[in-house]
Amino acid sequence: MFEDGNVEVFDLAQPLASETPHSPNHPPFRMALARRHGDTVREDGSSASSELICTGGHTGTHVDALAHVSHKGLLYGGVRAEEAQRGGRFASHGIDQMPPLLCRGVMLDVASLHGVDVLPAGYGITRKDLEDAAQNEGIEVRSGDAVLVRSGWAVHFSDQDTFVGLENGVPGPDEEAARWLADRRIRVTGGETVAYEQIKAGVGHRLLPVHRLLLAERGIHIIEVMDLSGLAAARVYEFLFVLAPLKIIGGTGSPVRPLAVVRR
């Protein structure tokens, strides 16, 4: 959290490093110094350093483009995925076509609703959970909102196996919960796990119905691997939400650093 006068800014991103947990479906983050101080020294004694970064667009805190998921060969709006991806990048629905977001944000803290710091592995967040969390917080989910759903799973960020949950599962919204959000015509939704889904024990990422519903059917972007612990600790449930993806032409996702801004 950063403070500037009467404004508090909550950083909702997780750090990017070689240790950052990642889905087996996506390459990990890697960084190396391509040029070190002292490799070259200018006449005035100054030196510079720079790095080489290699990462997948869905590693660390990131936002999914609508091109990320298709259903029966079609992207959102009936766009044929095979045609859109010709040439090695998406001519339609790429992350470069997602505008920066500056909108009302709300957090639905489902973990706190159940009186726990973190929901159990494999727990399915239901429509009722979201309704009850909103009522408990005095929050109304509105059209155009960014809705962040807290499971508390960020506590496991430093443990790759537990965080990804291939063996024991990961908590996340089920399909009905996602449909409840989509029916309210929200702009974007996000959570703390590598896949914004209920992942049951031993199932992995073979089937992702929430991604299909939100991205391919309803045109709603998904943010993953967020850190909502600061908002939860401060009991902040409504805020100005700021998000800007990188302009990766034709990409299916982008690293992001989402912010929640609160006036005190």
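Our subject is the structure that appears above.
What comes next is a walk through the structure. Note that the coordinates shown come from a computational prediction; the quantities given were computed from them, not determined experimentally.

Moving on to unusual backbone geometry. Leave glycine aside and you will find that most residues have negative phi; peptide bonds, for their part, are mostly trans. In the Ramachandran plot, Lys72 falls in the positive-phi region, its phi being about 55 degrees despite a non-glycine side chain. Considering the arrangement of structural elements, one finds Lys72 in the loop between β5 (62-64) and α1 (81-84). Despite not being glycine, Val225 shows a phi value in the positive range, around 60 degrees. Tracing the chain through its elements places Val225 in the loop between β11 (221-224) and α7 (229-234).

Another aspect to go through is helix α6 (residues 209-217). Judged by how many residues are buried, α6 sits mostly within the fold: 7 of 9 residues are covered. Restricting attention to buried positions, one finds in α6 the residues Val210, His211, Arg212, Leu213, Leu214, Leu215 and Ala216. Its buried side turned inward, α6 meets β5, β9 (172-173), α5 (175-183), β10 (188-190) and β11. With its phi angle positive at about 70 degrees, Gly219 sits one or two positions after the end of α6.

A separate point is the pattern of salt bridges. Inspection of the entire model under this criterion finds 13 salt bridges. Among the salt bridges present, the one from Arg104 reaches Glu238, with a minimum N-O distance of 2.9 Å. Taken as a pair, Arg104 in strand β6 (residues 101-109) and Glu238 in strand β12 (residues 238-243) lie far apart in primary sequence, 134 residues in all. Using a relative accessible area of 16% as the deciding quantity, one classes Arg104 as buried. Measuring nitrogen to oxygen at the nearest pair gives 3.1 Å for the salt bridge that ties Arg127 to Glu131. With Arg127 and Glu131 both in helix α3 (residues 127-137) and 4 residues apart, the pair spans about one turn of that helix. Through salt bridges with shared partners, a single ionic network connects Glu175, Glu176, Arg179, Arg212 and Glu217.

Once that is clear, we can look at a nonpolar patch on the surface. Taken together, Met31, Leu33 and Ile53 make up a surface patch of nonpolar side chains, about 310 Å² in accessible area. Structurally, Ile53 can be placed in strand β4 (residues 50-54).

Both faces of β11 are covered, namely the face carrying His221 and Ile223 and the face carrying Ile222 and Glu224. One ladder, built from 2 bridges, connects β5 with β11; its direction is antiparallel. Directly across from His62, in β11, lies its bridge partner Glu224. Here β10 runs beside β11; their pairing, made up of 3 bridges, is parallel. Bridge assignment links Gly190 to a residue of β11, and that residue is Ile223. Handedness of the crossover joining β10 and β11 through α6: right-handed.

Definitions and limits used
Residues numbered from 1 in each chain as written. Predicted model: local features only at pLDDT ≥ 70, side-chain atom pairs only at ≥ 80, totals over all residues. Heavy atoms only, no water. Helix = DSSP H or I, 4+ residues; strand = E, 2+ residues; numbered from the N terminus. Buried < 20%, exposed > 50% of the residue type's maximum accessible area, 1.4 Å probe, protein only. Contact = heavy atoms within 4.5 Å. Salt bridge = Lys/Arg side-chain N within 4 Å of Asp/Glu carboxyl O. Patch = residues over 30% accessible without salt bridge, like charges linked within 9 Å, V, L, I, M, F, W, Y side chains within 5 Å. Areas by Shrake-Rupley, 256 points an atom, 1.4 Å probe, with all protein chains shown as cover. Pairing = 2+ DSSP bridges. Right-handed = clockwise from strand over helix to strand, strands pointing away.

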